[in-house]
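The chain contents come next:
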Amino acid sequence: MRYEILGSLRVTDDLAVVPVSAPKMQVLLATLLIRANHVVSRDELSNEIWGSAPPRRATASLHVHVSQLRKILTRPGRPGTPIATTAPGYILRLDPGELDLHRFQSLLSDGRRAARSGHHERAVGLLGAALSLHRGTVLDGAAGGPVVGGCARWAEEARIECAELFVTSGMALGRYQEMAGVLRSLLARHPLHEAFYRQLMLCMSRSGRRAEALRTYRCARDAIRQELGLEPSRELRELQRMILLADDAPRDMQLVG
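Residues numbered from 1 in each chain as written. Predicted model: local features only at pLDDT ≥ 70, side-chain atom pairs only at ≥ 80, totals over all residues. Heavy atoms only, no water.

Asker: Explain the pattern of salt bridges to me, and be specific about the residues and the numbers.
Answerer: Under the counting rule described, the total for this entry stands at 13 salt bridges. We note a salt bridge from Arg-175 to Glu-121, for which the minimum N-O separation is 2.6 Å. Taken together, the residues Arg-175 in the loop between α6 (146-172) and α7 (176-189) and Glu-121 in helix α5 (residues 120-132) connect sequence positions 54 residues apart. When its relative accessible area of 26% is taken as the criterion, Arg-175 is described as partly exposed. (Salt bridge = Lys/Arg side-chain N within 4 Å of Asp/Glu carboxyl O. Helix = DSSP H or I, 4+ residues; strand = E, 2+ residues; numbered from the N terminus. Buried < 20%, exposed > 50% of the residue type's maximum accessible area, 1.4 Å probe, protein only.)

Here is the structure:
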């Protein structure tokens, strides 16, 4: 069984999609997946599914939802169900590699170590594989509570870190044009993320496109002023000043890590 939450919730078994379409069932499964191999209490699950307004028979309703989910996840020819009842709630047991979030975490951890050790070719491969697991917003469409929401926020921050490290290692390998394209796509989704502007300015300047680097700064300044009423960070302003003053790109500047 394969579970995917780095996008809309999806379950597959031997390439066939296992339908989990009911909204409350999706929230239940998403919560159990996020806390995979750990017991999730009935109170936590109730809060995720119904928030501060649970039905009068919330415990009985939760039991019904768990029973239905067990039937969905029990596949022909395979013994048992991955969901066990364990006081004070339930646990979803997963094998290594069954959940895309776990694979992403492993690839990001290995990629981070490779980048910090200067093994940039390996880092690009690992981090690129990690980024490819994302299909969109984490658990898109699953309107859960603090567990689901917290996971979505964490995963987006981890995705941004992964992208920054991927670009850093790509730049260390001299792949400025390729990384510039990656950064433009990232900025379309994160138009206020200054680290991406800084990396793009470095890509432009180091590939001899000084004017484009300065235009990138102006785009960053305009977006930040318009949305936040602030000036760009001191680091970004200093990079602009160095590009203006330098005859060539500031090759000795440290890459964003």
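Asker: Tell me about the environment of Glu-48, and name the residues and values.
Answerer: Considering the arrangement of structural elements, one finds Glu-48 in helix α2 (residues 42-50). Using a relative accessible area of 2% as the deciding quantity, one classes Glu-48 as buried. As a C-alpha pair, Glu-48 and Ala-115 span 67 residues in sequence and 37 Å in three-dimensional space. Aside from chain neighbours lying at most four places away, what touches Glu-48 is Val-27, Thr-31, Ala-143, Gly-144, Gly-145, Pro-146, Val-147 and Val-148. A distance of 2.5 Å separates the side chain of Glu-48 from the backbone nitrogen of Val-147, its partner in a polar contact. (Contact = heavy atoms within 4.5 Å. Polar contact = N/O pair within 3.5 Å; in protein donor to acceptor, adjacent residues only side chain to side chain.)

Asker: I'd like a description of the sheet that holds strand β1 (residues 2-4), backed by residues and values.
Answerer: Strand pairs in the sheet, formed through backbone hydrogen bonds, run parallel or antiparallel to each other. One open sheet holds the 3 strands; their spatial order is β1-β2-β3, and the pairing between them is antiparallel. Of all strands in the sheet, those with a lone pairing partner are β1 and β3 (16-17), marking the two edges. Here strand β2 (residues 10-13) runs beside β3; their pairing, made up of 2 bridges, is antiparallel. Pairing of Asp-13 across the sheet is with Ala-16, part of β3. (Pairing = 2+ DSSP bridges.)

Asker: Just give me the short version of the packing of helix α4 (residues 100-116) against α5, but keep the residues and values in it.
Answerer: At a minimum axis separation of 8 Å, α4 and α5 run at an interaxial angle of 160°. The orientation of α4 relative to α5 falls into the category roughly antiparallel. Every pair of crossing elements has a handedness; the one defined by α4 and α5 is left-handed. Contacts between α4 and α5 involve Phe-104, Leu-107, Leu-108, Asp-110, Gly-111, Arg-112, Ala-114 and Ala-115 on the former and, on the latter, His-120, Arg-122, Ala-123, Leu-126, Leu-127, Ala-129 and Ala-130. Per-class residue counts for the contact of α4 with α5 are 10 nonpolar, 2 polar and 3 charged. (Axes fitted to C-alpha atoms, helices over the stretch in contact; angles between N-to-C directions. Parallel < 35°, antiparallel > 145°, perpendicular 65-115°, else oblique. Left-handed = near helix turned anticlockwise from the far one by under 90°. Nonpolar A, V, L, I, M, F, W, Y, C, P; charged D, E, K, R; others polar.)

Asker: An account of the packing of helix α1 (residues 23-34) against α6 is needed here, citing residue identities and associated values.
Answerer: Contact geometry for α1 and α6: axes closest at 9 Å, N-to-C directions at 60°. On the basis of the axis angle, α1 is oblique to α6. Crossing angle aside, the handedness with which α1 passes α6 is left-handed. Across from Ala-30, Thr-31 and Ile-34 in α1, the residues of α6 making contact are Val-147, Val-148 and Cys-151. Residues that form the contact of α1 with α6 fall into these classes: 5 nonpolar, 1 polar and no charged.

Asker: I'd like to hear about unusual backbone geometry, residue by residue, with values.
Answerer: Of note, the amide linkage connecting Ala-87 to Pro-88 takes the cis form, showing an omega dihedral of 10°. Mapped onto the elements of the fold, Pro-88 is located in the loop between β5 (83-86) and β6 (89-92). Of note, Asn-37 is a non-glycine position whose phi angle comes to about 70°, a positive value. You can see Asn-37 is positioned in the loop between α1 and β4 (40-41). For Leu-139, which is not glycine, the phi dihedral falls at a positive 50°. Here Leu-139 is to be found in the loop between α5 and α6. Residue Leu-139 is classed as buried on the basis of its relative accessible area of 2%.

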